[in-house]
Amino acid sequence: MIAKIWGCRGSLPSPGPENIVYGGNTSCIEVSDGETFLILDAGSGIQRLGRFMGPEVKVIHILLTHLHIDHTMGLGFFKPLYHPDVEVHLWGPSASNDSLLSRIRKYFSAPLFPVRLGDLPNHPVIHELDESEFEIGNFKIKSEYICHPGPTLGYRIQHGEHVIAYMPDHELRLGSSDFPNNPEWTSGFEIAKKADVLFHDGAYSFAEYEKKVGWGHSAVRDTLQFARLAQVKRLSIFHHEPTNTDEQLDEILRRNIEGKDFDFEIEMCKEGQVYEF
């Protein structure tokens, strides 16, 4: 199994020379075992992924955590959607007031986008999820609602003995009144526990977070505490605030880990980074 990062920026694509190291594209991760092809979220990074996909890939599963625009904005620019021989499955969160199909159609319609969903050569297969467990090829997948505005899922993806946990948008402090002391009552704990790698929202410094409580994102300090609580092997901090440069991200991480002991690997997620299991 491999996981490749095609976008790890939060909220808004942020290209520019000041963001070369960590990248400017929004959420998108490729996960594959050579037979089955998964994509986590369809942010702006999925556009580049579609350009570099080989012609041998005929079935694609896109797992959406939620439908905020930074996680769906790349869908209409994903080349395989326009190939008549490619079958695309879209998985995403169920909502009480509207179907997943109806919500996706809103993106593929005026004034947001010129191509309608019905204009695609193959209509994507839509799968609604809630607190679900299912299999795609050799991948065992668990989805669970987590703390973020609007219906939002975290994903636990297992292949053999290896586990990837993915929660790019998640506000830990609003998910538990006793964070980080009580794992059973902490939002997302069952998704993250003992994962080989946890991709998790760490959008802000703590000073930034205090001004944005309720926006649905976490401070790096809280993300580190969550990773320790969940006993993960590696933490890759995700959803970088769009106004923070490479230099600022390095400084935020340095301030949060300097002089402290952690029994897991820690990094700021980088676009282009590859994880092999």
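Residues numbered from 1 in each chain as written. Predicted model: local features only at pLDDT ≥ 70, side-chain atom pairs only at ≥ 80, totals over all residues. Heavy atoms only, no water.

*Asks:* I'd like a description of the layout of surface pockets, backed by residues and values.
*Replies:* Roughly 270 Å³ of volume is contained in the largest pocket. Mapped onto the lining of the largest pocket, the elements with two or more residues apiece are α2 (69–72) and α3 (100–107). For the lining of the largest pocket, the element with the highest residue contribution is α3, accounting for 4 residues. By volume, the second largest pocket is sized at about 190 Å³. Around the second largest pocket, the lining residues are Gly50, Arg51, Met53, Gly54, Pro55, Val57, Lys58, Ile60, Lys79, Pro80, His83 and Val86. Of the residues belonging to the lining of the second largest pocket, the class tally is 6 nonpolar, 3 polar and 3 charged. (1 Å grid on protein atoms, 1.4 Å probe; cavity = no way out; pocket = protein on both sides within 12 Å on 5 of 7 lines; lining within 4 Å. Points joined across faces, edges and corners; volume = space filled by probe spheres on them. Helix = DSSP H or I, 4+ residues; strand = E, 2+ residues; numbered from the N terminus. Nonpolar A, V, L, I, M, F, W, Y, C, P; charged D, E, K, R; others polar.)

*Asks:* Provide a residue-level description of helix α6 (residues 220–230), including the pertinent values.
*Replies:* The complete set of buried residues in α6 reads Val220, Asp222, Thr223, Leu224, Phe226, Ala227 and Ala230. Gln231, located one to two residues past α6, shows a positive phi value of around 60°. (Buried < 20%, exposed > 50% of the residue type's maximum accessible area, 1.4 Å probe, protein only.)

*Asks:* Summarise the sheet that holds strand β2 (residues 28–32); cite the residues concerned and give the values.
*Replies:* Remark on secondary structure: sheet strands pair via backbone hydrogen bonds, oriented parallel or antiparallel. Spatially, the 7 strands line up as an open sheet ordered β6-β5-β4-β3-β2-β1-β14, and their pairing is mixed. Sheet topology places β6 (125–129) and β14 (274–276) at the edges, where each strand pairs with a single neighbour. Ignoring strand direction, the axes of neighbouring strands in this sheet form an average angle of 20°. Of the strand pairs in this sheet, strand β4 (residues 59–63) and strand β5 (residues 87–93) are connected by 5 bridges, and their pairing is parallel. Residue pairing across strands places Leu63 opposite Trp91, the latter belonging to β5. Contacts between α3 and the sheet are confined to β5 and β6, with β5 contributing the most and set at about 110° to the helix. (Pairing = 2+ DSSP bridges. Axes fitted to C-alpha atoms, helices over the stretch in contact; angles between N-to-C directions. Contact = heavy atoms within 4.5 Å.)

*Asks:* Can you explain unusual backbone geometry? Please cite residues and give values.
*Replies:* Residue Pro111 follows Ala110 across a cis peptide bond; omega there is 0°. Along the chain, Pro111 falls in the loop between α3 and β6. The omega angle of the peptide bond from Phe179 to Pro180 is 5°, so this bond is cis rather than trans. Residue placement: Pro180 occurs in the loop between β10 (162–167) and α4 (189–192). We note that Asp41 has phi near 70°; this positive angle belongs to a residue other than glycine. Structurally, Asp41 can be placed in the loop between β3 (37–40) and α1 (45–52).

*Asks:* Residues and numbers for the side chain of His170, please.
*Replies:* Along the polypeptide, His170 turns up in the loop between β10 and α4. Looking at His170, the relative accessible area reads 0%, which means it is buried. A polar contact is formed between the side chain of His170 and the side chain of His200, at a distance of 2.8 Å. Setting aside anything within four residues of it in sequence, one finds His170 in contact with Ile146, Cys147, His148, Ser187, Gly188, His200, Asp201, Gly216, His217 and Ser218. (Polar contact = N/O pair within 3.5 Å; in protein donor to acceptor, adjacent residues only side chain to side chain.)

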